[in-house]
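Architecture and fold: a report
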Amino acid sequence: MACTPVRQSRVVHGYLRAFLRAGSGPPLLLVHGIGNSSQTWAGVLQRLARQHTVIAPDLLGHGDSDKPRGDYSIAAYANGMRDLLSVLDVERVTVVGHSLGGGIALQFAYQFPERCERLVLVGSGGLGPELSAGLRLATLPGAEVALTALTGASPPLRIGLWGLGLAGRIAGWQRVRDLAEAGDALLALRDVEARRAFLRTLRGVVDTRGQAVTAVDRLYLANAIPMLVVWGSRDPIVPAAHAETVRRLVPTARVEVFPGAGHWPHLDEPERFCAVLGDFLDTTEPAVHDRDGWRALLAQGRDGVPAPRALRPPDRPADPTATA
């Protein structure tokens, strides 16, 4: 297959799932963040497709995929990725997830370890409560009204955000560039279904105190799979300190922090991103799921101490078939 991305779609469970596909070779699944779409990978997709089959879906509720009134939880997204891959006859993948997509990638690896060869997290969600104030505020009542007003004024705002982003690139103001990128994603929520899907997704993982869903308690399981973590040192949305959380809890993980990059390091430094990812893919062997090893990890627990056995109620006989 050519390296040029081709937009395709499949109907899964009655809903249209759009995705970009390119290249041939070992499969890579690229999962975007909230409010974005598969287009967020445009700067790296063709390069990655030179050696891999790259599949970049529009998550349900995003991009060209359907936007039903449905389940937008992290677990549901992970299920959706598995089902799309099954329809495409792709059994095992390396999963690359950005922001919300990182949280989905973590959940995918947890729910379907037999389907996941490697795990790559880019400015990932799910690794700590800290999060930008803007996303926390968007969980408050009345957010849909504010989003509707924002998108209704989109032409002048889009021009302003474009100018803001351009100024940020020229001056090297990473925070300004990232805020312009985030604002542009919000302005893309032109129809009511997209706005509702965005808020359902956000409120499923975030509240006013920050990220409410975490994978940190299960992160010890990642020692069983090759993991790469990429972060921008100036990420204004999810702090780069979360990369250090992975470094501490998953000693086998590779952690790359791009100095000066923001929340979208694959947009800020596409060549470096592809080089780092390519080296990781070339120098690691895909994980092969071992049921006994997985069971032993679960039994050992995150602190390396076997979990205590559940106590049998004293009034119940040890043998269920025994008589009183």
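Since we're looking at a predicted model, the values are computed, not measured.

With that out of the way, let us pick up the overall build of the protein. Along the protein, the regular secondary structure elements total 12 helices and 10 strands. Counting over 324 residues, the protein shows a buried share of 49%. Contacts in the protein between residues far apart in sequence, at least 24 positions, make up 74% of those at least 6 positions apart. Put simply, the protein shows about 15,600 Å² of open surface, and 55% of that area lies on carbon and sulfur atoms.

Further remarks concern unusual backbone geometry. Phi is positive for His 13, which is not a glycine, with a value near 55°. As for its placement among the helices and strands, His 13 is situated in the loop between β1 (6–12) and β2 (15–22). Taking relative accessible area as the criterion, His 13 reaches 59% and is therefore assigned exposed. A positive phi is found at Asp 89, a non-glycine position, where the angle reads about 60°. Residue position: Asp 89 is located in the loop between α2 (74–87) and β5 (93–98). Owing to a relative accessible area of 71%, Asp 89 belongs among the exposed residues under this scheme.

Tallied over the entire structure, the rule returns 11 salt bridges. When the shortest N-O distance is used, the salt bridge between Arg 218 and Asp 217 registers 3.6 Å. On the basis of relative accessibility, which here comes to 24%, the residue Arg 218 falls in the partly exposed class. Connected via shared salt-bridge partners are Arg 7, Asp 58 and Asp 64.

On to the packing of α2 against helix α3 (residues 100–111). Orientation of α2 relative to α3, taken along the N-to-C sense of each, is 70°, at an axis distance of 8 Å. It follows from the interaxial angle that α2 and α3 lie roughly perpendicular. The residues of α3 that touch α2, namely those facing Ile 74, Ala 75, Tyr 77, Ala 78, Asn 79, Met 81, Arg 82 and Leu 85, are Leu 100, Gly 103, Ile 104, Gln 107, Phe 108 and Gln 111.

Of all the residues in helix α9 (residues 241–249), the buried ones are His 242, Ala 243, Thr 245 and Val 246. Across the axial projection of α9, the buried residues extend over an arc of 150°, all falling on one side. Where α9 is buried, its residues meet β8 (210–211), β9 (227–232) and β10 (254–258).

Here the focus is the sheet that holds β10. One open sheet accounts for eight strands, arranged β1-β2-β4-β3-β5-β6-β9-β10; its pairing is mixed. Whereas interior strands pair on both sides, the edge strands pair on one side only; in this sheet they are β1 and β10. Taken pair by pair, the neighbouring strands of this sheet meet at an average axis angle of 20°, ignoring direction. Two elements, strand β3 (residues 27–31) and β5, share four bridges in a ladder whose sense is parallel. Within the sheet, the bridge partner assigned to Val 31 lies in β5 and is Gly 97. Set on the sheet, α3 makes contact with β3, β5, β6 (116–122) and β9; between it and β5 the angle comes to about 145°. Taken strand by strand, helix α11 (residues 270–283) contacts β3, β5, β6, β9 and β10, and its axis lies near 170° from that of β10.

The next subject is the packing of aromatic side chains. A complete count under the given rule lists two aromatic pairs for this structure. Ring plane angle 50° and centroid distance 6.1 Å describe the contact between Tyr 72 and Tyr 77, whose orientation is recorded as tilted. Using a relative accessible area of 4% as the deciding quantity, one classes Tyr 72 as buried. Judged by relative accessible area, which is 4%, Tyr 77 ranks as buried.

So, on to the pairing of β1. Relative to β2, β1 runs antiparallel, the two being bridged by seven bridges. Following the sheet pairing, Val 6 is matched in β2 by Arg 21. Counted between consecutive antiparallel strands, the loop separating β1 from β2 contains two residues, among which His 13 sits at a positive phi close to 55°.

This brings us to the nonpolar core. Val 95, Phe 108, Leu 119 and Met 227 are the most contacted members of the largest nonpolar core, which has 55 residues in total. Those elements that provide at least two residues to this core are β3, α2, β5, α3, β6, α8 (192–205), β9 and α9. Trp 41, Val 44, Ala 49 and Val 122 belong to the second-largest nonpolar core, a separate cluster that totals 24 residues.

Compared with an ideal rise of 1.5 Å per residue, which puts 12 residues at 16 Å, α3 spans 16 Å between its outermost C-alpha atoms and is within 8% of the ideal. α3 sits mainly inside the fold: 10 of its 12 residues count as buried.

What counts, and at which threshold
- Residues numbered from 1 in each chain as written.
- Predicted model: local features only at pLDDT ≥ 70, side-chain atom pairs only at ≥ 80, totals over all residues.
- Heavy atoms only, no water.
- Helix = DSSP H or I, 4+ residues; strand = E, 2+ residues; numbered from the N terminus.
- Buried < 20%, exposed > 50% of the residue type's maximum accessible area, 1.4 Å probe, protein only.
- Contact = heavy atoms within 4.5 Å.
- Areas by Shrake-Rupley, 256 points an atom, 1.4 Å probe, with all protein chains shown as cover.
- Salt bridge = Lys/Arg side-chain N within 4 Å of Asp/Glu carboxyl O.
- Axes fitted to C-alpha atoms, helices over the stretch in contact; angles between N-to-C directions.
- Parallel < 35°, antiparallel > 145°, perpendicular 65-115°, else oblique.
- Arc of directions from axis to C-beta.
- Pairing = 2+ DSSP bridges.
- Phe/Tyr/Trp six-rings, centres within 6.5 Å; stacked < 30°, edge-to-face > 60°.
- Core = buried A, V, L, I, M, F, W, Y, C linked by side-chain atoms within 4.5 Å.
- Expected span 1.5 Å × (residues − 1).

So yeah, pure geometry; function would need other evidence.
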